[in-house]
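Inside the fold
The primary structure of each chain is shown beneath.
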Amino acid sequence: MTVRVQKPSTFAQYVTLLRKDLQREFRTRDMLSSMAIYAFLVLVVYGAALSQTGSQFDILQMSGGMLWALIVFTSLLGLNRSFSYEKEDGCLEGILLVPLDRSVVFLAKATSNFLFLLAVEIVVLPLYYFFFLTTTTPQPTWPLMLIPMLVGTIGIAGIGTLLSTITTSTRGKDVLLAVLFIPLVFPLLYACVSATTVVVAGGDIEGIFRNSVLLAVGYDLVMVLLSWVLYDYAVSA
Amino acid sequence: MEAPAVQLDQVSKVFGDRYALKNVSLELPAGSFLSIFGPNGAGKTTLLRILATLARPTSGAVTVAGINLKDDADAAREQIGLISHNSMLYADLNAEQNLQLYARLYGIENAQERVDEMLDAVELSHRRLDTVRTFSRGMTQRLAIARALLHDPQVVLLDEPYSGLDPHAVEIFDSLLEAVRENRTFVMVSHDLRKGFEACSHALVLARGTKVAFAAKEEIDYDAFAALYHETVGMGVA
Amino acid sequence: MTETQTDKHPIGGLADTLAKPALLIGALLTALAFVLAFTVASPVVGAKVNGVELIGNEMIGNQILLSQKIFYFHMPVAVVSMVVLTGTAFFAIRFLMTRDALYDLKAKICTEIGLVFVICTMISGDLWTRFEWGVWWVWEPRLTTYLILTLMVIAYFILRTAVDEPERRATYASVFSLIMYVDVPISFFITRLIPSSVHPVIMRSDSGMSPDMLAPLMCSLFGFCLIAYGLYRFRARTELIALRVEAAKDTLDD
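Below or above, wherever it landed, is the structure these notes cover. As the structure is a computational prediction, the values presented were derived from the model and not from experiment. Throughout, a residue's number is its position along its own chain's written sequence, starting from 1. For this description, chains carry letters from A and ligands carry numbers from 1, given in the order in which they are written. This being a predicted model, a pLDDT of at least 70 is required before a residue's local features are given, and a value of 80 or more before pairs of side-chain atoms are given or counted; all residues contribute to the totals for chains, interfaces and linings. Excluded from the side-chain calculations are hydrogens and water; all other atoms, namely the structure's heavy atoms, are used.

**Structural notes on the overall build of chain B**
- Helix numbering and strand numbering both begin at the N terminus, where a helix is a DSSP run of H or I of at least 4 residues and a strand a DSSP run of E of at least 2. The helix and strand tally for chain B stands at eight helices and 10 strands.
- For 238 residues, the compact-globule formula gives about 18 Å, and the C-alpha radius of gyration of chain B, at 18 Å, lands near that figure.
- Along the first, second and third principal axes, the C-alpha set of chain B runs to 50 × 40 × 40 Å.
- For every residue, the accessible area (1.4 Å probe, protein chains only) is compared with the maximum for its type, and the residue is labelled buried under 20%, exposed over 50%, or partly exposed between those bounds. Every one of the 238 residues in chain B was classed for burial, and the buried ones make up 57%.
- Intrachain contacts of chain B at a sequence separation of at least 6 include 70% that bridge at least 24 residues.
- Per element, the accessible surface of chain B, about 9,800 Å² overall, is 48% carbon and sulfur.
- Averaging the coordinates of the 23 positive side-chain charges in chain B and doing the same for the 32 negative ones gives two points 8 Å apart. Computation of the radius of gyration draws on C-alpha atoms, with the globule rule given as 2.2 Å multiplied by the number of residues to the power 0.38. Contacts: residue pairs with any heavy atoms within 4.5 Å of one another. The protein chains shown are the only cover counted for residues, whose accessible areas, like all others here, come from Shrake-Rupley with a 1.4 Å probe. The positive count covers Lys and Arg only, the negative count covers Asp and Glu only, and His and the chain ends enter neither. To locate a charge, take atom NZ for lysine, CZ for arginine, CG for aspartate or CD for glutamate.

Have a look at this one:
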């Protein structure tokens, strides 16, 4: 039988790769379940950590920071996983044998990481409210926190995808990812925490919120672009 | 005469002052089967990775299926299939999903038919909906062959494909190779001197990154070859 | 080692000849800066250079601060650390373009020297925060971005030790050092971008520094620049010679 090959569009290849990640996740659920369980356990630890704070304590002022600490640590776990199965049987090499642009691999992986992180966040957010915030009333502006959440998750997925590509083929990869990842996302984390806190606990929404979100967007742009450019080198090494 | 299927012209791979390959040149006519021999660290795998476009040579020109890898690596990739000791299959997807994935990536138009055909060829049609994780080593390797040949490549690269296979699986593997051998060029890296020599039409011996010997099989018999191998390779390495 | 590599990365020559005097002059200049800082430069009353400072919840404006002398070393060391890391980024780009292992070597050496200067900056800066601002640490933009930089420079070396294969190690290190470099201009300009920060902006035309303060500062700045250059050349020379010895050994083995 003859094989007719028509080189697919870059977008079609992107969709194929993304679908592969989703298909795999749908079958095994290992990233989603491990991230969700881990996030839940962090919430439980928070419960112990805050158990002695008493009623005078304004949890709202801290809630943005705690939420983002949770997101960063949970995403570290997921990012580590996202490439371990690509390396397991040399799958990544198989993908690189295909005539396709290397940045498609980056975009597809970053998208799937983004989607998984977002899914976990959607589960964790109500739980977080349930455990810690039912005793107080967040400011009515709280829905705005979804903006920094979206922007922050994009940045984490973008830079995390590049870094986890690098760390999967190193020794002690779990720790190394944290060592590289946490200083790099610090500015993003900082911006997202301040934006989230301001809309939840109240404050200068015009100024602080807008500036923080702009800072986060700027960080996303620079980092995702740089990761995209450098990805070819990292993945082919 | 047809253009050579694989052509290396003064190919070197250096990092720092360490040569993985040093000025290797050869021409391989279409339809032939090249076996590459050499001790560990001789540059066999490096050479294969260069042919597979997974690594770039530091200097020299590489042509695969008439396409210079430097000019158009993507066009060459369409003509290259690689079977290695890694299966390159997603253990958590089933056989059909794995092949479908690669069929889509390569852009095979009649994807479903082709996947069915390849599953038939490697006798895995009955396991098509089972995840690869449940497969035995031999079955995984068969599926890996199907994956590598899915896009009908002209040049097939084999990187120690026998490692981890039991004798029965080796037999099946050999007969499969025999079945697809027509009109294709093969390049194989193997540790097994006898097995590699039996299969090949041309033999290349590498030691410390340099070409020690390259000959067509008609010119030499196994015993003479083995003697030559041990003589030349034994010298430089031990 | 091939001929071309020897040409591109020469051992000896003018650059190496200058290394020794550079180191010497650098040492003399910094020593001079040290003397000048304590003799010529007028003692700073309070933190008048940068306006008023809040120390331990007290407005302090008239205390003669000996700790202000830290400034003459802190700022030049910080500037040099950024210059050296710029060298890292330059060599990282060269490496990714050429795949020449020696560029990676040079990038590594730059980062090593960068690490020394970064740590000196952190130590001198922390003494400054302790004695001038009255706290050990504040999460202030300049300090935070520089802390990130410090962590990333350390992470660079952790990454290097975690990869065995030389070419892969070099590629990963180069990619990471380029991402890391994004923080350098941010850290440099952040005091201008966020003016509310307590960290003073030094590099400006109206810095309010008198000539007697400028002299030790400039001596120190040029001194440290020369020291960094001398160290870089010495390290590079040692490593290049070591490589050549290795190559010679390999040839003898054949």
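**Some details on the overall build of chain A**
- A count of helices and strands for chain A gives eight helices and zero strands.
- Listing the helices and strands of chain A from first to last along the sequence gives α-α-α-α-α-α-α-α.
- The C-alpha radius of gyration of chain A comes to 19 Å, within 12% of the 18 Å expected for a compact globule of 237 residues.
- In terms of overall dimensions, chain A has C-alpha extents of about 75 × 35 × 35 Å along its principal axes.
- Look at the contacts in chain A between residues 6 or more apart in sequence, and 85% of them connect residues 24 or more apart.
- Split by element, the accessible area of chain A, about 10,000 Å² in all, is 69% carbon and sulfur.
- Side-chain charges of chain A comprise 14 positive and 15 negative groups, with the mean position of each set lying 10 Å from the other.

**Some thoughts on the interface of chain A and chain B**
- In this assembly, 33 residues from chain A lie in contact with 35 residues from chain B.
- Salt bridges, as used here, are contacts in which a Lys or Arg side-chain nitrogen is within 4 Å of a carboxyl oxygen on Asp or Glu. Our count for the chain A to chain B interface comes out at four salt bridges.
- Note that Glu88(A) and Arg133(B) form a salt bridge whose closest N and O atoms lie 3.9 Å from each other.
- Pairing of N or O atoms within 3.5 Å defines a polar contact, subject to two protein rules: one partner must be a possible hydrogen donor and the other a possible acceptor, and residues neighboring in sequence count only if both atoms are side-chain atoms. For the interface between chain A and chain B, the tally reads nine residue pairs in polar contact (both at pLDDT 80 or more).

**Topic: the sheet that holds strand β9 (residues 202-207) of chain B**
All names here are of chain B.
- The strand order across the open sheet formed by six strands is β6-β7-β8-β3-β9-β10, and the pairing between neighbours is mixed. Bordering the open sheet on either side are β6 (80-84) and β10 (210-216), each of which pairs with just one other strand. Across the sheet, the mean angle separating the axes of adjacent strands is 15 degrees when strand polarity is ignored.
- Inspection of the sheet shows strand β7 (residues 155-159) paired to strand β8 (residues 185-189) by five bridges, in the parallel sense. Its bridge partner lying in β8, Leu157 is registered against Val187.
- Lying on the sheet, helix α1 (residues 44-51) is in contact with β3 (33-37), β6, β7, β8 and β9; it crosses β7 at an angle near 150 degrees. In this description, strands pair whenever DSSP reports at least two bridges between them. For every element, the axis is a line fit to its C-alpha atoms; helices are fit only across the contacting stretch, and the angle between N-to-C directions ranges from 0 to 180 degrees.

**Remarks on empty space enclosed by the protein**
All names here are of chain C.
- Here a cavity denotes grid points, spaced 1 Å and computed from the protein atoms alone, that fit a 1.4 Å probe unable to get out, and a pocket denotes an open set having protein on both sides within 12 Å along at least 5 of 7 lines; residues with an atom within 4 Å of a point are the lining. Grid points are joined across faces, edges and corners, and a volume is the space filled by probe spheres set on the points. Summed over the entire model, instances satisfying the criterion amount to six cavities of 30 Å³ or more.
- For the largest cavity, the calculated volume is near 420 Å³.
- Forming the walls of the largest cavity are 25 residues, and the residues nearest its centre are His74, Ala78, Thr121, Arg142 and His199.
- Of all the secondary-structure elements, those providing two or more residues to the lining of the largest cavity are α3 (71-98), α4 (101-133), α5 (141-161) and α7 (183-193).
- No other element matches the seven residues that α4 contributes to the lining of the largest cavity.

**Notes on the interface of chain C and chain B**
- Listed as interface residues are 13 residues of chain C and, on the opposing side, seven residues of chain B.
- Its salt-bridge partner being Lys13(B), residue Glu167(C) comes within 3.3 Å of it at the nearest N-O pair.
- Across the contact surface, chain C and chain B share one residue pair in polar contact (both at pLDDT 80 or more).
- Within the residue set of the side of chain C that touches chain B, elements represented by two or more residues are α6 (166-181) and α8 (211-253) of chain C.
- Ten residue types, Ala, Val, Leu, Ile, Met, Phe, Trp, Tyr, Cys and Pro, are classed as nonpolar, four, Asp, Glu, Lys and Arg, as charged, and the remainder, Gly among them, as polar. Each residue belonging to the side of chain C that touches chain B can be placed in one class, and the counts come to seven nonpolar, two polar and four charged.

**Some points on the sheet that holds strand β4 (residues 59-64) of chain B**
Residue and element names in this part refer to chain B.
- Spatially, β2-β1-β4-β5 is the arrangement adopted by the four strands of the open sheet, whose pairing is antiparallel. Strands with a single pairing partner mark the edges of an open sheet, and in this sheet they are β2 (18-28) and β5 (67-68).
- Here strand β1 (residues 6-15) runs beside β4; their pairing, made up of five bridges, is antiparallel. Bridging from a neighbouring strand, Asp9 pairs with Ala61 of β4.
- The strands touched by α1 are β1, β2 and β4; relative to β1, the strand with the most contacts, the crossing angle is about 120 degrees.

**Considering the side chain of Thr171(C)**
- Along the chain, Thr171(C) turns up in helix α6.
- Other than its neighbours up to four places away in sequence, Thr171(C) contacts Tyr233(A), Ala237(A), Phe95(C), Leu96(C) and Arg99(C).

**Overview of the pattern of salt bridges**
- By the definition in use, this model includes 26 salt bridges over all chains.
- The salt bridge involving Arg235(C) is made with Glu239(C); its shortest N-O contact spans 3.1 Å. Of this pair, Arg235(C) and Glu239(C) both sit in helix α8, separated by four residues, roughly a single helical turn.
- In this structure Arg235(C) comes out as partly exposed when scored by relative accessible area, which is 26%.
- Each of Arg24(A), Asp30(A), Glu88(A), Asp92(B) and Arg133(B) takes part in a single network of salt bridges with overlapping partners.

**Notes on the packing of aromatic side chains**
Residues and elements named next belong to chain A.
- Any Phe, Tyr or Trp ring, taking Trp's six-membered ring, that has another such ring centre within 6.5 Å forms a pair; planes under 30 degrees apart are called stacked, those over 60 apart edge-to-face, and the others tilted. On inspection of all chains with the given rule, the structure shows 23 aromatic pairs over all chains.
- Each ring, one from Phe130 and one from Phe131, has its centre 5.3 Å from the other, and the planes form 70 degrees; the classification is edge-to-face.
- Judged by relative accessible area, which is 40%, Phe131 ranks as partly exposed.
- Each residue in the set Phe40, Tyr46, Tyr128, Phe130, Phe131 and Phe132 is aromatic and connected to the rest through ring pairs, giving one cluster.
- Sitting over the face of the ring of Phe26, Arg29 holds its NZ or CZ atom 5.4 Å from the ring centroid.
- Definition used: whenever NZ (Lys) or CZ (Arg) falls within 6 Å of the ring centre and also within 35 degrees of the ring normal, the charge is taken to sit over that ring. The lysine or arginine in question, Lys109, covers the ring of Phe83, its NZ or CZ lying 5.2 Å from the ring centre.

**Let's talk about the pairing of β10(B)**
All names here are of chain B.
- Relative to β10, β9 runs antiparallel, the two sharing six bridges. Opposite Val205, over in β10, you have Ala213 as the bridge partner.
- The antiparallel pairing of β9 with β10 creates a hairpin that spans two residues between the two strands, and Arg208 there sits at a positive phi of about 50 degrees.

**Here's the deal with helix α2 (residues 30-49) of chain A**
Residues and elements named next belong to chain A.
- Take the residue count of a helix, subtract one, and multiply by 1.5 Å to get its expected span. With 20 residues, α2 should cover 28 Å at 1.5 Å per step; its first-to-last C-alpha distance of 28 Å lies within 8% of that length.
- Turning to α2, its buried residues number three or more, namely Met31, Ser34, Met35, Ala39, Val42, Leu43 and Tyr46.
- Next to the buried residues of α2 lie α1 (10-28), α3 (59-88) and α5 (102-133).

**Considering unusual backbone geometry**
- We note that Ala65(B) has phi near 55 degrees; this positive angle belongs to a residue other than glycine.
- Its relative accessible area of 22% is what places Ala65(B) among the partly exposed residues.

**Focus: the pairing of β2(B)**
- Relative to β2(B), β1(B) is paired through seven bridges, and the arrangement is antiparallel. Residue Val11(B) lies in a different strand from β2(B), and its bridge partner there is Val24(B).

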